[in-house]
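# Observations on chain architecture
Here are the chains, one letter per residue:
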Amino acid sequence: MEKKKISLVIPMYYEEQVANECYKRVKENLDKLQNYDYEIIFVNDGSKDKTLSILEEIASNDKNVKIISFSRNFGHQAAVTAGLQYVTGDAIVIMDADLQDPPELIPDMLKLWEDGNEVIYGKRKTREGESAFKLFTAKMFYKTLNSLSDVEIPKDTGDFRLVDRKVVDTINSLPEHNKFLRGLFSWVGYKQCAYEYERKERFAGKTKYPLKKMLKLASDGIIGFSMKPLKFLAGLGIISILASLILFILALVAQFNSAYNASPAVLGISCLITFFGGIQLLSAWIISEYVGRIYDEAKQRPQYIIDKKINF
Ligand code: UDP
Ligand code: MG
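This write-up is about the structure you can find in this document. As the structure is a computational prediction, the values presented were derived from the model and not from experiment.

## Details of the site of ligand 1
Within the structure, ligand 1 sits among 19 residues, and Glu15, Asp45, Asp98, Thr207 and Lys208 are positioned closest to it. Between ligand 1 and the protein, one listed contact pairs an oxygen atom with a backbone N or O atom of Pro11 at 2.8 Å. At 2.6 Å from a nitrogen atom of ligand 1 is found a side-chain nitrogen or oxygen belonging to Asp45. For ligand 1, whose unbound accessible area comes to 530 Å², protein coverage reaches 96%. Of the residues belonging to the shell around ligand 1, the class tally is five nonpolar, five polar and nine charged.

Structural data, given as C-alpha cells:
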C-alpha cells in the first residue's frame, strides 16, 4: 500500500538563528511517523541574512526538503500561500519557523485527521513569552474581527493547522489576493476541529511581526471578511443628520429667543465644521480601504514572485 504523505509549509523571514533547530525538531518528529512519507517546504520570504544559505545546505542533504525563495519580502501570508501552491501531500501542516507551534503535536493532529476531520486548527491555550502588548492587541483583534466579520473566525487561532488536501485545493482555487488565511480556512467550511495547545516561547531571535505588519494583517482580516465598515459609515451618516436636525431646532429657538446671544452659535458652527470634517475624513479612509483593495485585485499582480526553487 502506498504511504500517505504529509507536507509541511514553513515560512521564514530572517530566521538564521532558528532554521537549523527548526529543521532538526521537525525532522525528528516526522521520522517517528513511519507510516507516512513527508516533504518540508521552506519558504524564504526575502530574508537577506543567512537563512537561505542554511536552507540550501539542508536541502542538499535531504531531498524531502524543498525551498521556495522569494525575490523580496512579500509577507507571512504570501509565503504560506506560495507554499500551499506547491504541496504534494495528502495532509498539509502550516507552522511557524520559530517553534512556537511545537512539531511534537503533529502526530496528535494527524490522528484527528485520520478520524475524518479536515481542518484541525491549533487553538492557543496559553502563550508563553509574549509581551503584554502583543497579547492585548491580539485579543482586541479577534474581538473586533468577530464582531465585524460575517464568518466566525475562531479566536486564539493563528495559522498553525493541519488540513486535508481537498481544503488546500479549495484555498488555492480562490483568485483573491491579500489572502487572510486563517479567515479563509474558516470560511471554506468542511469538517473543522480545534486542537488546544500551549504556545511556546520563540526559540530564538525576535518577532518578525512588528506593529506595521500586524495592522496590515488586521485590516486584511477585517476588510476582507466584512462589509460592516461600510454599514458603519451609513450609521454615522444617519446619526450626523439627526444631530444637525437637533442643532437646526436649537438655532430656531435661539433666533426667536432674545435671551440667547450670538457667540454660542459661532461656537456651534465651528464645532459642526470639525465634526463633519472628521466624519468625512473617516469616511474617506474607509472607502479608500475598499477602493485600494479593488485596485489591487484589478491590477492582477501576483501576490509574490519566486526567485528560486530547490528540490522540486
Ligand atoms: N514571517 C514571514 N514573513 C514576514 C514576517 C514573518 O515569512 O514578513 C514568518 C516568520 O519567519 C515566522 C512566521 O512568519 O516563521 C511568524 O512570524 P513571527 O514568529 O515573527 O510572528 P509572531 O509569532 O511573533 O506573531
Ligand atoms: Mg513567532
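The rest of the description comes next.
## Points about the environment of Val18
If you trace the backbone, Val18 turns up in the loop between β1 (4-12) and α1 (19-31). A relative accessible area of 0% means that Val18 is categorised as buried. In the structure, Val18 is positioned 96 residues away from Glu114 in sequence and 31 Å away in space, judged by C-alpha atoms.

## As for helix α4 (residues 106-114)
Each turn of an α-helix holds 3.6 residues, which means side chains three or four residues apart point in the same direction. For α4, every residue scored as buried is listed here: Ile106, Met109, Leu110 and Trp113. Taken end-on, α4 shows its buried residues confined to a sector of 105°, consistent with a single buried face. Buried residues in α4 make contact with β1, β2 (36-44), β4 (91-94), β5 (119-127), β6 (157-164) and β7 (192-199). Just beyond α4, the residue with positive phi is Gly116, at close to 110°.

## Here's the deal with unusual backbone geometry
Although it is not a glycine, Leu99 adopts a positive phi angle of roughly 65°. Secondary-structure assignment places Leu99 in the loop between β4 and α4. Under the relative-accessibility criterion, Leu99 is labelled buried at 3%. A positive phi angle is found at Asn311, which is not glycine, with a value near 70°.

Conventions adopted
- Residues numbered from 1 in each chain as written.
- Chains lettered and ligands numbered in written order.
- Predicted model: local features only at pLDDT ≥ 70, side-chain atom pairs only at ≥ 80, totals over all residues.
- Heavy atoms only, no water.
- Near = heavy atom within 4 Å.
- Polar contact = N/O pair within 3.5 Å; in protein donor to acceptor, adjacent residues only side chain to side chain.
- Areas by Shrake-Rupley, 256 points an atom, 1.4 Å probe, with all protein chains shown as cover.
- Nonpolar A, V, L, I, M, F, W, Y, C, P; charged D, E, K, R; others polar.
- Helix = DSSP H or I, 4+ residues; strand = E, 2+ residues; numbered from the N terminus.
- Buried < 20%, exposed > 50% of the residue type's maximum accessible area, 1.4 Å probe, protein only.
- Arc of directions from axis to C-beta.
- Contact = heavy atoms within 4.5 Å.

Any functional reading would require information that these geometric values do not contain.
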